[in-house]
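Residue strings, one per chain:
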Amino acid sequence: MGAQVAMENEASIVSSEVSGAEISGHEVTISSVEAIADQMENKTSELSADADVRTNWTVEEIEALYELPLMDLLFRAQTMHRKYFDPNKVQLSTLLNIKEGGCAEDCKYCSQSSRYSTDVGASKLMDKDTVLEYAKKAQANGSGRFCMGAAWRNVKDRDIGKIAEIVTAVKDLGMETCMTLGMLNRDQADSLKEAGLDYYNHNIDTSPEYYPEVITTRSFDDRIETLGNVREAGLNVCSGGIIGMGEERKDRVGLLMALANLPKHPGSVPINMLVPVKGTPFGDMKRLDSFEMVRTVAVARLMMPKSYVRLSAGRRSLGDEGQALCFMAGANSIFYGDKLLTTANPEENEDMALFERLGLKTEQKGVVVEQQHEAPRGCGSPDCGCI
């Protein structure tokens, strides 16, 4: 009889302490115990997330990831990716060059350098209304972020006002905004933040050791200083690099270690594979094996689990199968349009056809976008997530 009464009554316990919290004289029901269990589970998840996000990676650890059998590496990367992102959504970003060519830098991969004989000529800064037309088309096409690049060594104070007006106008459309203007000081970063800029892109390109083989007119430390100015101004950092520039794997390890060991991981990490451009010093560079690109994406995902990892320049050369492997490895962002800076990018309808075949949806600030229209034509600067 006592057992029956116990079964019929609400299961409860009276305890003076539950999970270290004193609850003297109060009844603790099943629902309250479940609530405490949920809290403990959330705490465990937070601790797990803290363990995933690190800024103290070593060369040996990263090399060990690269050396994993590819299937094991992909499994680990996809598992990590699913902890923080919807594995079937990809963010679309559109890139527009608002000032092309004539750059004084000597980046050996870049067709916009004034030092090399390429098909890219110099242009003036695009006016705000023209930029807005491109942005509106990009938004209608499903892009959630509009990236604007100017081929400058560094932005001049005299141009900051015009740039700020462009940022505010695009931001008022409801899009995320990104700029890449070369080196940036703290005051300039503050001005762009006030104008509504969300992200600032400044790639570190390669490892600190290999960097002098790529660029001599700007130091690796200059780039790190700009990233610090951006971060201190409260802007989101977008920073990645380029592989396939004649570097060794140890330099790809060094690139990812430099990014992941920043005080805070970049919000976006563009991974580019060199597209050789005739007339540049790297114009005849031998193409890197596609699987090395897949491995680099996977290792980047494991090292920076909460960052968007973007497939940027060189995406066309991967083919559909290579791109699919990169999505499996944790890539979840692409530049969308037929031009990526001054190199070709897969056609928009090819992207959507691939997404349909893979069952992927496009993400626009957390919303799945169904509409598809003509994307704008445009390209950006050498620093905006690609070459």
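Treat the numbers as computed from the prediction; the structure is a model and nothing was measured. (Residues numbered from 1 in each chain as written. Predicted model: local features only at pLDDT ≥ 70, side-chain atom pairs only at ≥ 80, totals over all residues. Heavy atoms only, no water.)

With that settled, the discussion passes to the pairing of strand β11 (residues 268-273). In terms of burial, β11 is largely enclosed, as six of its six residues are buried. On β11, burial covers both faces: Ser268, Pro270 and Asn272 on one face and Val269, Ile271 and Met273 on the other are all buried. For the crossover from strand β10 (residues 241-243) across helix α9 (residues 249-260) to β11, the handedness is right-handed. With four bridges joining them, β11 and strand β12 (residues 308-311) adopt parallel strand pairing. Considered in β12, the bridge of valine 269 is made with valine 309. Chirality of the crossover, the property in question, places the unit of β11, helix α10 (residues 290-303) and β12 among those that are right-handed. (Buried < 20%, exposed > 50% of the residue type's maximum accessible area, 1.4 Å probe, protein only. Helix = DSSP H or I, 4+ residues; strand = E, 2+ residues; numbered from the N terminus. Right-handed = clockwise from strand over helix to strand, strands pointing away. Pairing = 2+ DSSP bridges.)

Before going further, it helps to examine the packing of α10 against helix α11 (residues 315-328). It is the contact of α10 with α11, at a shortest axis distance of 10 Å, that shows an interaxial angle of 30 degrees. Our classification of the angle between α10 and α11 gives roughly parallel. α10 and α11 meet at a crossing whose hand is right-handed. Counted together, Ser290, Phe291, Met293, Val294 and Val297 of α10 and Ser317, Leu318, Gly322, Leu325 and Cys326 of α11 form the full contact between these two elements. The residue makeup of the contact of α10 with α11, split by class, is seven nonpolar, three polar and no charged. (Axes fitted to C-alpha atoms, helices over the stretch in contact; angles between N-to-C directions. Parallel < 35°, antiparallel > 145°, perpendicular 65-115°, else oblique. Left-handed = near helix turned anticlockwise from the far one by under 90°. Contact = heavy atoms within 4.5 Å. Nonpolar A, V, L, I, M, F, W, Y, C, P; charged D, E, K, R; others polar.)

Another aspect to go through is unusual backbone geometry. At aspartate 205, a residue that is not glycine, the phi angle is positive and equals roughly 75 degrees. Note on placement: aspartate 205 falls in the loop between β8 (199-201) and α8 (220-232).

Now for the packing of aromatic side chains. Across all of its chains, the model carries three aromatic pairs by this definition. Judged by centre distance (5.0 Å) and plane angle (65 degrees), the ring pair of phenylalanine 85 and tyrosine 308 falls under edge-to-face. Taken as a pair, phenylalanine 85 in the loop between α4 (70-84) and β5 (89-99) and tyrosine 308 in strand β12 lie far apart in primary sequence, 223 residues in all. Here phenylalanine 85 and tyrosine 308 have matching classes, each one buried. Judged by centre distance (6.0 Å) and plane angle (80 degrees), the ring pair of phenylalanine 327 and phenylalanine 355 falls under edge-to-face. With phenylalanine 327 in helix α11 and phenylalanine 355 in helix α12 (residues 348-358), this pair connects stretches of sequence that are 28 residues apart. (Phe/Tyr/Trp six-rings, centres within 6.5 Å; stacked < 30°, edge-to-face > 60°.)

In the predicted model, the protein carries a mean pLDDT of 81, and 77% of its residues have values of at least 70. Across residues 338-346, confidence stays below pLDDT 50; counting only partners more than four residues off in sequence or on other chains, it has 45 contacts. Below pLDDT 50 for its whole length, residues 366-387 participates in 98 contacts with residues either more than four positions away or in separate chains. (pLDDT = per-residue confidence, 0-100.)

Moving on, we get to the packing of α4 against α10. Think of two packed helices as two axes; the pair is described by the angle between the axes and how far apart they sit. Between α4 and α10, the least distance of the axes is 9 Å, while the angle of their chain directions is 40 degrees. Compared by their axis directions, α4 and α10 come out oblique. Note on packing geometry: the crossing formed by α4 with α10 is left-handed. Residues Leu70, Leu73, Leu74, Arg76, Ala77, Met80 and His81 of α4 lie in contact with α10, whose contacting residues are Phe291, Val294, Arg295, Ala298, Val299, Arg301 and Leu302.

In terms of nonpolar packing, the biggest core is built from 92 residues, with Tyr109 and Met179 touching the most fellow members. With eight residues, α10 is the largest single contributor of residues to this core. Beyond its immediate stretch of four places on either side in the chain, methionine 179 contacts Ile98, Met148, Ile163, Ile166, Val167, Leu197, Tyr199, Tyr200 and Asn201. Core analysis: the second largest hydrophobic core is formed by six residues, Leu95, Cys178, Tyr199 and Cys238 among them. (Core = buried A, V, L, I, M, F, W, Y, C linked by side-chain atoms within 4.5 Å.)

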